[in-house]
Amino acid sequence: MTGFRRVLFRSDALLENLELAQKKTTLSNSMVFPPNKKVILLTIHRPSNVDTKLVLEAIMSSFLTLNSAIIIFPIHPRTKKKLEEFNIIEKINQKSHIRLLEPLSYFDMIYLMQKAYFFITDSGGLQEEAVILNKPCITLRENTERPETIETGSNILVGNDPEKISHYINRLLDNGDFYKSKLPKFNPFGDGKTSKRIIQIIKDSFHKDCLKIPSITFENRIPTCKLVKIDETTIDITNFQTKNRCVVLEVYDQNGYAKVPHTQLVLEEGWMVKIRLF
């Protein structure tokens, strides 16, 4: 088989899109930022933060009393649904310093990230982008899949503790020395030349005849995919695949949440799985 046998790390492409975002954004004319107030970009969507009323109320309480800054809050559909369900969104709408926005385009989001003084988020991607854009980040989680952001010094993990959230918001806003100490010490995610490197790799691989797509043949028939419902009480993926002569591609529980289809996962009655039959 020809083709790549390794992953090549060539950094993040965000830096290359900054100038383009200035041209493509639709927010530059419609959103006015007060010159005397700092802007905080807030995103929150993880089930651990939004699915429980007490937790979501506690997190949002950290922002409701903050009048010294403007909070821009592009609201995830999942979060909006829960804020409405728990009757929290009415309190938010009464606060002029919190601006709720519908989900944004990629370039609009980059534009807001550039304007923000710092980020508050539970998103893995935004933690990384804070480093690239030289911003501090308060992360509403106990851990992170971006450990590099901790090493750079810019990422502050606070979980969903409202006292910690308020403490670090106020320190970043009011203490210039602390703010400077939380700026990333280095950027491990790229230097703005990612696309050029990728193009060069593709060219080199093409000239070395490494981009051929291998042909695939099936002895009996072409594989087909379909979505099936689990009608047994419990069965693990390995036994399910053996029994049905298939490969499990995707798994969804009774609430429609995706599960990672590892071999030890036990499928339960009522779950849906996408399978490939041979």
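Just so it is clear, the structure is predicted and the values come from calculations on it, not from any experiment. (Residues numbered from 1 in each chain as written. Predicted model: local features only at pLDDT ≥ 70, side-chain atom pairs only at ≥ 80, totals over all residues. Heavy atoms only, no water.)

Outline the environment of Thr139, listing residues and values.
Mapping Thr139 onto the fold places it in strand β5 (residues 137–139). Thr139 sits in the buried class, given a relative accessible area of 0%. C-alpha separation for the pair Thr139 and Asn155, spaced 16 residues apart in sequence, amounts to 6.8 Å. Among all residues touching Thr139, those that are not within four sequence positions of it are Thr121, Gln127, Asn155, Ile156, Leu157, Val158 and Gly159. Here Asn155 takes part through its side chain, which lies 2.5 Å from a polar atom of the side chain of Thr139. (Helix = DSSP H or I, 4+ residues; strand = E, 2+ residues; numbered from the N terminus. Buried < 20%, exposed > 50% of the residue type's maximum accessible area, 1.4 Å probe, protein only. Contact = heavy atoms within 4.5 Å. Polar contact = N/O pair within 3.5 Å; in protein donor to acceptor, adjacent residues only side chain to side chain.)

Hey, could you go over the sheet that holds strand β3 (residues 98–101) for me, with residue numbers and the actual values?
With respect to topology, six strands assemble into an open sheet ordered β3-β2-β1-β4-β5-β6, the strand pairing being parallel. Two strands close off the open sheet at either side, each with one partner strand: β3 and β6 (155–157). Strand-to-strand twist across the sheet, computed as the mean angle between neighbouring axes with direction ignored, equals 20°. The pairing of strand β2 (residues 69–74) with β3 spans four bridges and is classified as parallel. Paired with Phe73 across the strands is Leu100, a residue of β3. (Pairing = 2+ DSSP bridges. Axes fitted to C-alpha atoms, helices over the stretch in contact; angles between N-to-C directions.)

Describe in detail unusual backbone geometry, supporting the description with residues and values.
With a phi close to 60°, Asn87 is a non-glycine residue in the positive phi region. Structurally, Asn87 can be placed in the loop between α4 (77–85) and α5 (89–93). Residue classification places Asn87 among the partly exposed positions, given a relative accessible area of 49%. One non-glycine residue, Asn134, adopts positive backbone phi at about 65°.

Hey, could you go over the pattern of salt bridges for me, with residue numbers and the actual values?
A full pass over the atoms with the stated rule returns 10 salt bridges. One salt bridge connects Glu102 with Lys80, and the closest N-O pair in it is separated by 3.4 Å. Highlighted residues: Glu102 in the loop between β3 and α6 (106–115) and Lys80 in helix α4, separated in sequence by 22 residues. Taking the shortest distance from any N to any O, the salt bridge between Arg146 and Glu128 comes out at 2.9 Å. (Salt bridge = Lys/Arg side-chain N within 4 Å of Asp/Glu carboxyl O.)

Break down the packing of aromatic side chains for me, with residues and values.
All chains considered together, the criterion is met by four aromatic pairs. On the basis of an interplanar angle of 55° and a centroid distance of 6.1 Å, the ring pair of Tyr117 and Phe118 is categorised as tilted. Looking at Tyr117, the relative accessible area reads 21%, which means it is partly exposed. Of the aromatic side chains, those joined through ring pairs into one cluster are Tyr117, Phe118 and Tyr179. Stacked on the ring of Tyr117, the Lys or Arg Lys38 has its end atom at 5.1 Å from the ring centre. Across from the ring centre of Phe178, 3.8 Å away, lies the NZ or CZ of Arg171, which sits over that ring. (Phe/Tyr/Trp six-rings, centres within 6.5 Å; stacked < 30°, edge-to-face > 60°. Lys NZ or Arg CZ within 6 Å of the ring centre and 35° of its normal.)

Scope: geometric values only; no functional claims are made or implied.
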